[in-house]
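# Coordinates in review
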Amino acid sequence: MKKKKALITGITGQDGSYLSEFLLEKGYKIYGIIRRTSSPNIERIRHIIDKIEISDADLSDFSSVLRAIKSIKPDEVYNLAAMSYVPVSWKEPILTVDIGGLGVINVLESIRLCDKKIKFYQASSSEMFGKVRESPQNENTPFYPRSPYGIAKVTGHWITVNYRESFNMFAVSGICFNHESPRRGLEFVSRKISYNVAKIKLGMAKELKMGNLNSKRDWGFAGDYVKAMWLMLQQDKPEDYVIATGETHSVKEFLEIAFSYVNLDYRKYIKIDKNLLRPAEVDLLIGDATKIRTKLKWKPEVKFKELVKMMVDADLKLLSGKKKEEII
């Protein structure tokens with residue numbers, strides 16, 4: 001039986017690495033495209049690098065994307081590439097919207113020109129809901145983005161809908177709520193907490209600077225969410241889905257669980273830094289995943305507390321044995 005071929009943009013990221021592992025277990029041939037740099041960061045996929053093929057392409061360069069898709073001829077394309085850190089999107093708004101909007105057009109247009117039978121997954125985001133119009137948020141909730149990142153994701157989302165309806169393409173968006181793991185970047189609040197809890201526990205730091213502790217998010221495990229992405233492309237009919245746990249937890253609660261797990265009181269170590277507050281805050285996000293639970297029988301397996309403890313454990317293991325001067 002011929003192996004299915006999957007092309008993953010953003011393969012070196014958190015989701016890209018988990019999705020690669022999952023699809024390899026399913027028997028796929030995996031291709032990834034990354035921007036050419038002098039030293040690409042392949043740390044998250046180093047353990048499987050000999051099982052996948054990497055090509056150079058830049059989502060903002062149509063010709064390079066077209067060339068990659070023509071060459072690979074994938075059965076499925078997962079577009080996970082983005083400038084994905086919300087606070088930095090305020091500093092790099094043009095780049096953020098370029099990759100999140102124009103980049104999606106370049107991939108979809110390349111698929112349209114090469115083979116419209118290729119199935120396409122777009123990584124949409126709960127940040128599109130921003131200043132939420134209703135809670136919980138489902139597939140029909142109006143968008144009100146509050147950052148360049150959210151705006152970029154709305155652009156990519158509606159482009160995907162437009163190509164699906166205009167050209168009869170199998171193009172879908174998974175509206176993912178926050179999903180974390182030990183592979184999350186250190187700039188994200190979840191990993192910032194777990195990493196610094198480990199540092200404090202190991203005597204490598206004395207405090208942790210934080211912004212808004214009251215903002216609430218729907219946090220799940222990235223390893224669960226990539227399974228939902230795959231399921232969406234195995235259906236007969238292309239549809240968009242909210243991917244979420246249906247639970248909301250505050251940053252303060254994340255801190256309490258993480259610190260108490262190593263027998264510490266978070267209140268003794270947290271310092272509020274106003275410079276870490278967003279220009280426009282998203283106060284509450286909670287997803288209604290009824291549709292994907294019902295239609296695709298998907299549900300998250302890792303609970304919130306398990307996720308927090310998993311991340312703290314991983315960072316304790318990572319930092320143990322390292323010298324203080326080696327730690328970020």
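Before reading further, recall that the structure is shown in the block above.
To keep things clear, this report deals only with the structure shown in the data block. (Residues numbered from 1 in each chain as written. Predicted model: local features only at pLDDT ≥ 70, side-chain atom pairs only at ≥ 80, totals over all residues. Heavy atoms only, no water.)

This brings us to the overall build of the protein chain. Of the regular secondary structure elements, the protein chain holds ten helices and 13 strands. Relative to the globule expectation of 20 Å for 328 residues, the C-alpha radius of gyration of the protein chain, 20 Å, shows essentially globular dimensions. Within the protein chain, the proportion of its 328 residues that are buried is 54%. Within the protein chain, contacts between residues separated by at least 24 positions form 79% of all contacts whose residues are at least 6 apart in sequence. (Helix = DSSP H or I, 4+ residues; strand = E, 2+ residues; numbered from the N terminus. Rg over C-alpha atoms; globule rule 2.2 N^0.38 Å. Buried < 20%, exposed > 50% of the residue type's maximum accessible area, 1.4 Å probe, protein only. Contact = heavy atoms within 4.5 Å.)

The seven strands lie next to each other as 3-2-1-4-5-6-11, forming an open sheet whose pairing is parallel. Of all the strands in the sheet, the pair left with one neighbour each is strand 3 (52-56) and strand 11 (241-243). With direction set aside, neighbouring strand axes in the sheet form an average angle of 25 degrees. One ladder, built from three bridges, connects strand 6 (residues 171-176) with strand 11; its direction is parallel. Residue Gly-174 lies in a different strand from strand 11, and its bridge partner there is Tyr-241. Set on the sheet, helix 2 (residues 62-72) makes contact with strand 1 (5-9), strand 2 (29-34) and strand 3; between it and strand 1 the angle comes to about 160 degrees. Taken strand by strand, helix 7 (residues 222-232) contacts strand 4 (76-79), strand 5 (119-125), strand 6 and strand 11, and its axis lies near 160 degrees from that of strand 6. (Pairing = 2+ DSSP bridges. Axes fitted to C-alpha atoms, helices over the stretch in contact; angles between N-to-C directions.)

Turning to the packing of helix 6 (residues 189-201) against helix 10 (residues 304-319), a few remarks are in order. Taken N-terminus to C-terminus, the directions of helix 6 and helix 10 make an angle of 50 degrees; their axes are 8 Å apart at the nearest point. Between helix 6 and helix 10, the angle falls in the class oblique. You can see that helix 6 and helix 10 cross each other, and the crossing is right-handed. Here Ser-190, Arg-191, Ser-194, Tyr-195, Val-197, Ala-198, Lys-199 and Lys-201 of helix 6 come into contact with helix 10, specifically with Met-311, Val-312, Asp-315, Leu-316, Leu-318 and Leu-319. Taken together, the residues of the contact of helix 6 with helix 10 sort by class into eight nonpolar, two polar and four charged. (Parallel < 35°, antiparallel > 145°, perpendicular 65-115°, else oblique. Left-handed = near helix turned anticlockwise from the far one by under 90°. Nonpolar A, V, L, I, M, F, W, Y, C, P; charged D, E, K, R; others polar.)

Bringing the packing of aromatic side chains into the picture now. With the rule as written, the count across this model stands at twelve aromatic pairs. Between Tyr-225 and Trp-298 the ring centres are 5.6 Å apart and the planes differ by 90 degrees, which places this aromatic pair in the edge-to-face class. Taken together, the residues span a long stretch of sequence, with Tyr-225 in helix 7 and Trp-298 in the loop between helix 9 (290-295) and helix 10 at a distance of 73 residues. An aromatic cluster of three or more residues is present, and its members are Phe-129, Phe-143, Trp-158 and Phe-177. A cation sits over an aromatic face here: Lys-29 above Tyr-31, 5.8 Å from the ring centre. (Phe/Tyr/Trp six-rings, centres within 6.5 Å; stacked < 30°, edge-to-face > 60°. Lys NZ or Arg CZ within 6 Å of the ring centre and 35° of its normal.)

Below, the discussion takes up the packing of helix 8 (residues 251-261) against helix 10. Axes are the key here: two packed helices are described by the angle between their axes and the distance separating the axes. Two elements in contact, helix 8 and helix 10, have axes whose closest approach is 9 Å; the angle formed by their N-to-C orientations is 55 degrees. Considered as vectors, helix 8 and helix 10 are oriented oblique to each other. For the pair helix 8 and helix 10, the crossing hand works out as right-handed. Two secondary-structure elements touch here, helix 8 through Glu-253, Phe-254, Ile-257, Ala-258 and Tyr-261 and helix 10 through Phe-304, Lys-305, Val-308, Lys-309, Met-311, Val-312 and Asp-313. For the contact of helix 8 with helix 10, the per-class residue count stands at eight nonpolar, no polar and four charged.

This brings us to unusual backbone geometry. The amide bond that connects Ser-135 to the next residue, Pro-136, takes the cis arrangement and shows omega of -5 degrees. Residue placement: Pro-136 occurs in the loop between strand 5 and helix 5 (148-167). Positive phi outside glycine occurs at Asn-168, with the angle close to 55 degrees. Within the element layout of this structure, Asn-168 appears in the loop between helix 5 and strand 6. Backbone geometry at Lys-297 places phi at a positive 60 degrees, although glycine is not the residue there. Checked against the element boundaries, Lys-297 lands in the loop between helix 9 and helix 10. The class of Lys-297 is exposed, set by a relative accessible area of 66%.

In this section: the pattern of salt bridges. Evaluation of the coordinates by the stated rule reveals 13 salt bridges. One salt-bridge network, held together by shared partners, links Glu-239, Lys-291 and Lys-295. (Salt bridge = Lys/Arg side-chain N within 4 Å of Asp/Glu carboxyl O.)

Let us look at the nonpolar core. Formed by 74 residues in total, the largest nonpolar core has its most connected members in Leu-23, Tyr-78, Tyr-121, Ile-243, Leu-255 and Phe-259. With eight residues, the single largest contributor to this core is helix 7. Once you skip the residues sitting within four places of it in the chain, Tyr-78 turns out to touch Ala-6, Leu-7, Ile-8, Thr-9, Leu-19, Leu-23, Tyr-121, Met-229, Trp-230, Leu-233 and Gln-234. Counting 22 residues, the second-largest nonpolar core is a separate cluster that includes Val-65, Leu-108, Phe-120 and Ala-171. (Core = buried A, V, L, I, M, F, W, Y, C linked by side-chain atoms within 4.5 Å.)

For strand 5, the tally of buried residues reaches six of seven residues, placing the bulk of the element in the interior. Bridge analysis of strand 4 against strand 5 gives four bridges, and the strand direction is parallel. Directly across from Glu-76, in strand 5, lies its bridge partner Lys-119. Here strand 5 runs beside strand 6; their pairing, made up of six bridges, is parallel. Across the sheet, residue Phe-120 finds its bridge partner in strand 6, namely Ala-171. Following the backbone out of strand 5, through helix 5 and into the adjacent parallel strand 6, one traces a crossover that is right-handed. (Right-handed = clockwise from strand over helix to strand, strands pointing away.)

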